[in-house]
Amino acid sequence: MLSLIGLIGGLVLLIILTIRGMNLFIAAPSCALIVALTSGLPVFVGDNNFVETYMSGFSGFIASWFFMFLLGAIFGKFMEDTGAADSVARWIVGKLGFKHAVLAVVMACAILTYGGVSVFVVAFSVYPMALSLFKDANLPRRFIPATLAFGSVTFTMTSAGSPEIQNWIPIKYLGTSPFAGWEVSLVVAIFMATFGYWWLKKMIGKAIANGEAFDSREHDPHIPERDYPHPITGLIPLFVVLIISFTLHEALAQLALIVALGGGVLTIMLINYKHFHNMPQAINLGTTGALVAIGNTAAVVGFGSIAKSTLAFQQTVELMTQIPGNELIGAAIAVSVIAGLTGSASGGQAIALPLVAPHYLDQGVEPEELHRIVSISSGALDSLPHNGYVVTTIRAICQETHKAAYNAVAALTVVVPLIGLAMAIGLFSIM
C-alpha cells in the first residue's frame, strides 16, 4: 500500500511541479526518489538501487536519441537562419491566406510523421515555419505546441501504415502488419483529424476574440530584411528528410533518422548557403537547444525507470491485464494507464504487450483488432504534463510554459485520442 501511495503521489507531484515550471533536472529525480523510498528501493547500494536505475533510464535515452535531437535542432536553426522557414511561411500564407496558417502547420507535421520522421524531430523541424506562420497571421503563439502536437501524435502516429514505433511495436507480439485494422483506423483517423482541427481552430478563435495576438519575444530569431530564398529551397530539405527516412526505415529502424536528418542538414547547407545570416551561431544555438531538450526528456524517462522498478507498478500492470468484460476495453485501459504512469506511448506498449498479448489472444481476440486498439490507446494518457515529448515541445522548442500551453495540448492529444479510442472499440465490436 505504501508503495502504491508513493507511486501515485510521486507522479502527481511531478505533474504539479512540471505545470508550475520547476526545473525538471530537480523535479524528476526528486519525485523519483520519493517513489523509490516508499517502495523500499535502496538509494546508493544494492541491486536495483535508485541512483543506478534512474541514471540507467536517463543515460539510455540520451544514448538512443542524442544524434536525432542534435541534427533535428540544427536543421531547425538552419531553416531559421537562412530565411527558408520564413520564405515557406510567406508562400503558404500568400497561396492559402492567413486563415489557413494553422492548417499548414498541422499538414506539415502530419506529412513528416507519417513519412517516418520521429515525432521529437518533427517539432524541431516544423517549429521555425510555425513561428513564422503564426507571426504573419497574428495568432497567439501559445497554441504552437498544441498545433505541432496535434499534427504529430494523434491521427498520424498511431494510424494504420504509420512507420512510427507506436504502430510497429505490436507487430513483434501479435504477428500482425503495420496496416492491421486499417478500415477502422482510417475512420478513426479522419474523425480525430477533423474534430481535433475544429477544436483547435475554436480555441484559437476564442483567444483572439478575447484580445490575444502574437507577441514577439527577445529570443525570437532576428534576421534583417533581405532577399529570401525561393520557397522551394525550404521545402526540398523537408522532402529529403521524408524520403530518406521512409526509404531506410525498415532497414535501419530509428538509425534511419540520423541519415535522414543529416541529409536534410547537408541539403539546406548546399542549396541555401549564400542565404545564411550567421551559420556558426545557428549551430551553437541548435546544439544548446538539443542538449536542453534531450536533458529534460531524459530526466522524465529516469522517473519512469524508477516507477517501473516498484512493486506497486508491477502489481498495477498485473491488475490491468485482468480487467473483466470486453477484452478490447481491458486491453485499452491497461495500455492507457501504463502509458500514463510511464509518460511514454512506446514504453506503455513495451511493458503491457508481453502480458496483454498472450492473455487476450488465448481468449480469441483478433490480433489485428488488438494491434489497433493497443496502438491508439498508447497515444492518449501518455500525453500527461510529464511526458517527454510534451515537455520538450512546450519548454525546450517553443519556450512556452505548461500553464499557458498545456490545456490546448491536453485537449488535442489526450481527449481527442480517448474519443477516437472509444470509437475504435465500438466499431470493432459491431464488425
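This is a predicted model, so every value here is computed, not measured.

## Description of unusual backbone geometry
- If you check the backbone angles, asparagine 138 has positive phi at about 60° while not being a glycine.
- Taking relative accessible area as the criterion, asparagine 138 reaches 42% and is therefore assigned partly exposed.
- Located in the positive-phi region is glutamine 399, a residue other than glycine, with phi close to 55°.
- With respect to the element layout, glutamine 399 can be found in the loop between helix 17 (388-397) and helix 18 (402-430).

## Focus: the environment of phenylalanine 67
- Along the chain, the position of phenylalanine 67 falls in helix 3 (residues 50-81).
- Placed 192 residues apart in sequence, phenylalanine 67 and valine 259 show a C-alpha to C-alpha distance of 9.9 Å.

## Some thoughts on the UniProt feature "transmembrane region" (unreviewed entry) in the chain
- Feature annotation in UniProt assigns "transmembrane region" (unreviewed entry) to the following positions: residues 56-79, 100-127, 139-158, 179-200, 255-273, 285-307, 328-352 and 409-430.
- With 86% helix and 0% strand, the stretch residues 179-200 has end C-alpha atoms that lie 28 Å from each other.

## Re the pattern of salt bridges
- Per the stated rule, a full pass over the model turns up 2 salt bridges.
- Salt-bridge contacts for arginine 141 lead to glutamate 400; the nearest nitrogen and oxygen are separated by 3.7 Å. Here arginine 141, found in the loop between helix 6 (119-137) and helix 7 (144-153), pairs with glutamate 400, found in the loop between helix 17 and helix 18; they are 259 residues apart in sequence, far enough to count as distant.
- Judged by its relative accessible area of 8%, glutamate 400 is buried.
- Across the pair arginine 142 and glutamate 212 runs a salt bridge, and its minimum N-O distance is 2.8 Å. Highlighted residues: arginine 142 in the loop between helix 6 and helix 7 and glutamate 212 in the loop between helix 9 (182-209) and helix 10 (231-252), separated in sequence by 70 residues.

## Section: the packing of aromatic side chains
- The final tally for this structure, using the stated rule, is 9 aromatic pairs.
- Consider the rings of tyrosine 54 and phenylalanine 58, whose centres lie 6.4 Å apart with planes at 25°: the pair is stacked. Of this pair, tyrosine 54 and phenylalanine 58 both sit in helix 3, separated by 4 residues, roughly a single helical turn.
- Pairing phenylalanine 195 with tryptophan 198 gives two aromatic rings, centres 5.8 Å apart and planes at 25°, and the pair type is stacked. Here tryptophan 198 and phenylalanine 195 lie together in helix 9, a separation of 3 residues that amounts to about one turn.
- By relative accessible area, tryptophan 198 is classed as partly exposed at 48%.
- Chaining the aromatic ring pairs together yields one cluster made of Phe191, Phe195, Trp198 and Trp199.

## Thoughts on the nonpolar core
- If you look at the biggest cluster of nonpolar residues, it comprises 139 residues, and the most contacted ones within it are Phe69, Val126, Leu148 and Leu370.
- With sequence-adjacent residues up to four places away left out, valine 126 is seen in contact with Val105, Ala108, Cys109, Leu112 and Leu148.

## Some words on the packing of helix 7 against helix 17
- Between helix 7 and helix 17, the least distance of the axes is 9 Å, while the angle of their chain directions is 140°. At the point where helix 7 passes helix 17, the crossing takes the right-handed sense. Taking contact as the criterion, the partners of Pro145, Leu148, Ala149, Ser152 and Val153 in helix 7 are, on helix 17, Tyr389, Thr393 and Ile394.
- A per-class count over the contact of helix 7 with helix 17 returns 6 nonpolar, 2 polar and no charged.

## Section: helix 16 (residues 367-378)
- If you check helix 16, its first and last C-alpha atoms are 16 Å apart, about what 12 residues at 1.5 Å a residue would give, namely 16 Å.
- Burial of helix 16 is extensive: 10 of the 12 residues sit out of reach of the surface.
- Regarding helix 16, the residues found buried are Glu369, Leu370, His371, Arg372, Ile373, Val374, Ser375, Ile376, Ser377 and Ser378.
- Each element contacted by the buried residues of helix 16 is listed here: helix 8 (165-174), helix 9, helix 14 (327-342), helix 15 (345-361) and helix 18.

## Things to note about the state of the cysteines
- According to the stated counting rule, one finds 0 disulfides in the structure shown.
- Among the cysteines around cysteine 398, which has no disulfide bond, cysteine 109 carries the closest sulfur, lying 9.6 Å off.
- With relative accessibility at 2%, the residue cysteine 398 sits in the buried group.

## Notes on the confidence of the model for the chain
- Within the chain, residue pLDDT values average 84, and 95% of them lie at 70 or more.
- Of all helices and strands in the chain, the one with the weakest mean pLDDT is helix 4 (residues 84-96) (74), whereas helix 9 scores best (94).

## Comments concerning the side chain of serine 185
- Secondary-structure assignment places serine 185 in helix 9.
- Aside from chain neighbours lying at most four places away, what touches serine 185 is Ser159, Ala160 and Arg372.

## As for the packing of helix 8 against helix 16
- One way to put it is that helix 8 packs onto helix 16 with a least axis distance of 9 Å and a crossing angle of 145°. Handedness of the crossing formed by helix 8 with helix 16: right-handed. For the pair helix 8 and helix 16, contact is made by Gln166, Asn167, Pro170, Ile171 and Leu174 and by Pro367, Leu370, His371, Arg372, Val374, Ser375 and Ser378, respectively.
- Residue classes in the contact of helix 8 with helix 16 are distributed as 6 nonpolar, 5 polar and 1 charged.

Basis of the calculations
Residues numbered from 1 in each chain as written. Predicted model: local features only at pLDDT ≥ 70, side-chain atom pairs only at ≥ 80, totals over all residues. Heavy atoms only, no water. Buried < 20%, exposed > 50% of the residue type's maximum accessible area, 1.4 Å probe, protein only. Helix = DSSP H or I, 4+ residues; strand = E, 2+ residues; numbered from the N terminus. UniProt positions renumbered as here; feature names shortened; annotations may be inferred. Salt bridge = Lys/Arg side-chain N within 4 Å of Asp/Glu carboxyl O. Phe/Tyr/Trp six-rings, centres within 6.5 Å; stacked < 30°, edge-to-face > 60°. Core = buried A, V, L, I, M, F, W, Y, C linked by side-chain atoms within 4.5 Å. Contact = heavy atoms within 4.5 Å. Axes fitted to C-alpha atoms, helices over the stretch in contact; angles between N-to-C directions. Left-handed = near helix turned anticlockwise from the far one by under 90°. Nonpolar A, V, L, I, M, F, W, Y, C, P; charged D, E, K, R; others polar. Expected span 1.5 Å × (residues − 1). Disulfide = S-S within 2.5 Å. pLDDT = per-residue confidence, 0-100.

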